[in-house]
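# Summary of structural features
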Amino acid sequence: MSLCAGEKINLTIQDIAFGGEGIGRLNDLVVFVPFVAVGEVIECELLEVKKRFARARLLRVIHSANARVEPHCPYFGECGGCQYQHLAYDEQLRMKHKQVQDIFERIGGFSPAIIQPVIPCPNPYGYRNRIMIRSQWDKIKKGLNLGFIKADNRLVVDIEECKIAEPAINSQIQQVRLNPPPKGGLKVVLRIPPEGWQVPRDSFFQNNFFLLPGLVQIVRKCLEAARSTHLIDVYCGVGFFSLELADLVQSYAGIELDQLAIKAARQNAILRGRTNGEFVAGAAEDLLPGLIKNFVAEQTTVLVDPPRKGCPSGILELLRQVRPSQLIYVSCHPATMARDLNVLCQNGVFSLAGVFPLDMFPQTAHLESVANLRANA
């Protein structure tokens, strides 16, 4: 069957890929369509047709799934910030669990049974404590659009509020609209500072305060079970995990490239009275080899919370050589996480004891995960 862009077809949605696009098949052609649900029959328009796959946009739902709900946000479908507002929250959790299972099995070669159910967020809406507003000149209305990148192009959709942002953030959005940037192309970061923490403006901190205690609880349980006496926190930021876990170990050390974050981490340690450790500034691949020699591997847990791209190969190889008693891997990108864990577990160096997904980003295709690895004798 020869198809081309612009044609309209009917599809039955069989699955939802990680990232949010629904999957339908037309003979041997896989078709990706956003904003759909499993089991739905839809009409869509082909936008791009390749040899083995195509992308399409949803025109109408012919037979809707029971999981389909009315989105809270009037910009949903146009704004690219959310992918799942059209799905009931329990369906989002079920779907994300399956996606992580599929990724870990396909990329990492791990059994789906190792993936625990996704821990839900107490507030599926109104949870984000940090967003970035973009400004773009609109030639038609001869004014600035202030908002987020659209779902289907690089233009900015003008917004009055964000339904997944905390109320205080939406108040800040209104202030930006009253006092807009002087021109298009500028970005405005809006943030609610975490209570009791020093966080520089551009330094990382988790975007969801509501599920943050759940994230800490999972990591603490992993560390408690290992009974390590030392902790090395790689990519430590402002010292969040180091300081939340410092009472469980005799000593800790945090590594972070962001020098302002390290300065804040030292201040946070003083504020919390966590004086049994240190924070050092620099690249993990440069500092970790020397630092890890100061700790007894059999008594040490290494926690890594890398960027979305995952850990450099040099870090993974070093960890395989040193074999600390435990590795705790925290990530917002299950694909790079599964890839790195596969490397760490090769030849039985480490065993994956469990993966704990947390829905830190409801209504979106993202989630956080904690992996607990133990060194084999």
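Refer to the preceding data block for the structure.
Let us look at the structure shown here. (Residues numbered from 1 in each chain as written. Predicted model: local features only at pLDDT ≥ 70, side-chain atom pairs only at ≥ 80, totals over all residues. Heavy atoms only, no water.)

### With respect to helix H6 (residues 284–292)
Definition in use: Relative accessibility decides the category of a residue: with a 1.4 Å probe and only protein chains considered, values under 20% of the type maximum give buried, values over 50% give exposed, and everything between is partly exposed. For helices the rule is a DSSP run of H or I covering at least 4 residues; for strands it is a run of E covering at least 2, with both sets numbered from the N terminus onward. Taken from the helix axis, the directions to the C-beta atoms give the arc we talk about. Note on contacts: a residue pair qualifies if any of its non-hydrogen atoms lie within 4.5 Å across the two residues.
Every buried residue of H6 is listed here: Ala284, Leu288, Leu291 and Ile292. Buried residues of H6 fall within an arc of 85 degrees about the axis and therefore sit on the same side. Contact partners of the buried residues in H6: strand E10 (230–234), strand E11 (251–256), strand E12 (277–281), strand E13 (300–304) and helix H7 (313–322).

### What about the packing of aromatic side chains?
As a reminder of what qualifies: Aromatic rings from Phe, Tyr and Trp, with only the six-membered ring used for Trp, were paired whenever their centres fell within 6.5 Å, and each pair was classed as stacked if the ring planes differed by under 30 degrees, edge-to-face if by over 60, and tilted otherwise. Put simply, a charge is over a ring when the Lys NZ or the Arg CZ is close to the ring centre, within 6 Å, and near the line of the ring normal, within 35 degrees.
Across all of its chains, the model carries 9 aromatic pairs by this definition. Ring geometry for Phe205 and Phe209: centres 6.4 Å apart, planes at 70 degrees, overall edge-to-face. Among the residues examined, Phe205 registers a relative accessible area of 6% and is labelled buried. Relative to Phe240, the ring of Phe205 lies with its centre 5.4 Å away and its plane at 75 degrees, an arrangement referred to as edge-to-face. One end of the pair, Phe205, is in the loop between strand E9 (187–191) and helix H3 (212–226); the other, Phe240, is in helix H4 (residues 240–245), with 35 residues separating them in the sequence. Each member of the pair, Phe205 as well as Phe240, is classed as buried. Linked through ring pairs, Trp197, Phe205, Phe209, Phe240 and Phe241 together constitute an aromatic cluster. Over the face of the ring belonging to Trp197 we find Arg272, whose NZ or CZ atom lies 3.6 Å from the ring centre.

### Notes on the side chain of Glu43
What counts, and what does not: By the criterion applied in these results, polar contacts are pairs of N or O atoms within 3.5 Å in which, for protein atoms, one can donate a hydrogen and the other can accept it, and in which residues neighboring in sequence qualify only through two side-chain atoms.
Positionally, Glu43 belongs in strand E4 (residues 41–49). Polar contacts involving the side chain of Glu43 include one to the side chain of Arg60, which spans 2.7 Å. When residues no more than four places from it in sequence are discounted, the contact partners of Glu43 are Lys8, Ile9, Asn10, Arg57, Leu58, Leu59, Arg60 and Ile62.

### Some details on the pairing of strand E7 (residues 143–149)
As a reminder, the rule being used: Being paired, for any two strands, means DSSP has found at least two bridges between them.
In terms of residue burial, E7 counts as a mostly covered element, since 7 of its 7 residues are buried. The pairing of strand E6 (residues 130–138) with E7 spans 5 bridges and is classified as antiparallel. Paired with Gln136 across the strands is Asn145, a residue of E7. Between E6 and E7, which follow one another and run antiparallel, lie 4 residues, and Lys142 among them has a positive phi close to 55 degrees.

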